[in-house]
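A look at the structure
Each chain, written out:
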Amino acid sequence: MAEAVKIIAVNRKARHDYAIDDSYECGIELLGTEVKSFRDGKISFPDAWAEVLSGEVWLRSLRVAENPFSSVFNHDPDRKKRLLLHRDEIKRIQRKVEEKGYTLIPLSFYFKKGRVKVELGLCKGKKAYDKRADIRERDVKRDIAREFRTR
């Protein structure tokens, strides 16, 4: 039987702005009040990115809103969060990121077996003409599908 996956948020802008070479599923180290905010969907990551520091992967610019029901024990909404990956995956990612032009971008956040997971993409920035080519290709596919439906 398939695992139950509940999608929290998807970064659609990343798929438009970046060419995704590889993606990794990784866990994220959160505090209790952060998990509650994730369950409510109160996260913001328009310009979030990840970096490899001393053998660990850290997620930056992910804003997790404070929980209004936990007054004293609330978390810092802008703190950096550690991502949980296997050591060989981290080494592979670090070698790629050291190449020119590659960066780590969170593509989506979701719950899997009650745990928050992040789909992390190894991306390279697109130029404006690449974006236009993708839009043109998508329009052509849509027109072809429309023709097949009418005939």
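Small disclaimer: the values here were computed from a predicted structure and weren't measured.

A separate point is the pattern of salt bridges. Counting across every chain of the model gives eleven salt bridges. Glutamate 119 serves as the salt-bridge partner of arginine 15, at 3.9 Å between the closest nitrogen and oxygen. Of this pair, arginine 15 sits in helix H1 (residues 12-17) while glutamate 119 sits in strand S9 (residues 115-125); the two residues are 104 residues apart in sequence, bridging distant segments of the chain. Classification of glutamate 119 by relative accessible area gives partly exposed; the value is 21%. One salt bridge connects aspartate 88 with arginine 92, and the closest N-O pair in it is separated by 3.8 Å. Pair noted here: aspartate 88 and arginine 92 are both in helix H3 (residues 87-98), with a separation of four residues, about one helical turn. Judged by its relative accessible area of 46%, aspartate 88 is partly exposed. Note on arginine 92: relative accessible area 37%, which makes it partly exposed. Three or more residues joined by partner-sharing salt bridges are found here, namely Glu29, Glu56 and Arg82.

Rules used in this analysis
- In every chain, residue numbers begin from 1 and rise along the written sequence.
- Local features in this predicted model are restricted to residues of pLDDT 70 or higher, and side-chain atom pairs are both shown and tallied only at a pLDDT of 80 or more, whereas totals for entire chains, interfaces and linings draw on every residue.
- Based on all heavy atoms of the structure, the side-chain values leave hydrogens and waters out of the count.
- Salt bridges, as used here, are contacts in which a Lys or Arg side-chain nitrogen is within 4 Å of a carboxyl oxygen on Asp or Glu.
- Here a strand is any run of E in DSSP of at least two residues, a helix any run of H or I of at least four, and the numbering for each starts at the N terminus.
- Burial classes follow relative accessibility: with a 1.4 Å probe on protein chains only, a residue under 20% of its type's maximum area counts as buried, one over 50% as exposed, and anything between as partly exposed.

Nothing here speaks to function; it is geometry throughout.
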